[in-house]
Amino acid sequence: MGRPEYDLLIIGGGPAGLTAGMYATRGGLRTVLIEKLAPGGQAASTFMIENYPGFPEGIPGPELSQAMENQAKRFGLEIINGEIEQLISQGHLWEVIQEGNKFIGKAVIVATGVNPVKLGIPGEEELTGRGVSYCATCDGPFFRGQEIGVVGGGDSAVDEALYLTRFANQVYLIHRRNALRAEKIIQERAFRNEKIKILWDTVVTKVLGETGVEGIELRNVKTREMRTLKVSGVFFYVGLKPNAEFLRGIVKMDEQGYVITDDHMATSVPGIFAAGDVRQKLLRQVTTAVGDGATAAFAAERYIESLSSCQKGGH
């Protein structure tokens, strides 16, 4: 296998990674971006993004993601598909191993984003892809005219419940508390939508069905009353976990596994930067991911320049 050397290695192709790639290649850095799925990250599976500046009517997530990818490629960004297995320090360089291939660079930007948290209840794993889903945009059209459940109370859960009313006859929004956490404007839409019924103070304890989802077992957290709800699909939005396991023991992380950075997106280890949802931050949105990506690329460029200065100075 060849060992191509780059200035910058970017791991993850969501809005943060693509923006970093665009800034880096435009700034003259030899850059490769490695993404395990299709570029765009969570944004690519979001039906409509309403709060990205410059699009008064909103823009479909896949469309925005494609535009970002095209723009980055126009400046010469190389994008490779595959999953990262390891990140190894090689003195002042970093080596990324991806499915047997090795890439060596002077700096790394980790923009691997987050994954949906799984409840781990009976039936969830067994029926994933057969009625259990974590992506309304991907799977919503399969539930035309049916009754489905959406679990969660944050922005994603309520947003996706609203989207699913395009297909389903009835959407049950199941939330363990007695108030939603979603933005007020999204909550109001859900309250006004006749197809959405909210089940307060309720948790799902089991997904029922053999070859496909036939129902869910529910428990009221206050009364402890159990009941079965007949649905043909259930969408889970109960939280996110960072895709950063390969960094464990290399850089500092918080208790949830998010990468800790400073304002320049630098981690605890020189040469490794983090951008977007994978890092510890207050707000996880496309707008903040884009800002992180731009900052990380600029900081990485400065870091690479400092390496060159040291080498020229004989250090």
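What comes next is a walk through the structure. It should be emphasised that the depicted structure is a prediction, and the values quoted were computed from it without experimental measurement. (Residues numbered from 1 in each chain as written. Predicted model: local features only at pLDDT ≥ 70, side-chain atom pairs only at ≥ 80, totals over all residues. Heavy atoms only, no water.)

This part covers the packing of helix H5 (residues 155-164) against helix H6 (residues 184-192). Look at H5 against H6: their axes get within 10 Å of each other, and the N-to-C directions meet at 40°. Here H5 lies oblique to H6, going by the angle between them. Relative to H6, the crossing made by H5 is left-handed. Across the interface between the two elements, Asp155, Val158, Asp159 and Leu162 of H5 pack against Ile186, Arg189 and Ala190 of H6. (Axes fitted to C-alpha atoms, helices over the stretch in contact; angles between N-to-C directions. Helix = DSSP H or I, 4+ residues; strand = E, 2+ residues; numbered from the N terminus. Parallel < 35°, antiparallel > 145°, perpendicular 65-115°, else oblique. Left-handed = near helix turned anticlockwise from the far one by under 90°. Contact = heavy atoms within 4.5 Å.)

Judged by nonpolar contacts, the single largest core of 34 residues is most densely connected at Leu8, Ile109, Phe273 and Val286. At the level of elements, strand S1 (5-11), helix H1 (15-26), helix H3 (61-74), strand S6 (101-110) and helix H7 (286-312) are the ones that each hand at least two residues to this core. Take this core: its biggest share by element is ten residues, from H7. Beyond its immediate chain neighbours, meaning those up to four positions away, Val286 contacts Pro15, Ala43, Ile49, Tyr52, Leu64 and Met68. If you look at the next biggest cluster of nonpolar residues, it comprises 23 residues, including Tyr6, Val108, Ala244 and Val278. (Core = buried A, V, L, I, M, F, W, Y, C linked by side-chain atoms within 4.5 Å. Buried < 20%, exposed > 50% of the residue type's maximum accessible area, 1.4 Å probe, protein only.)

Two modes of strand pairing occur in sheets, parallel and antiparallel, and in both the strands are linked by backbone hydrogen bonds. Reading across from one edge, S12-S13-S14 is the order of the three strands in this open sheet, with antiparallel pairing throughout. Of all strands in the sheet, those with a lone pairing partner are strand S12 (202-208) and strand S14 (226-229), marking the two edges. Averaged over neighbouring strand pairs, the angle between their axes works out to 30° when direction is ignored. Bridge count between S12 and strand S13 (residues 215-220): six bridges; the pairing is antiparallel. (Pairing = 2+ DSSP bridges.)

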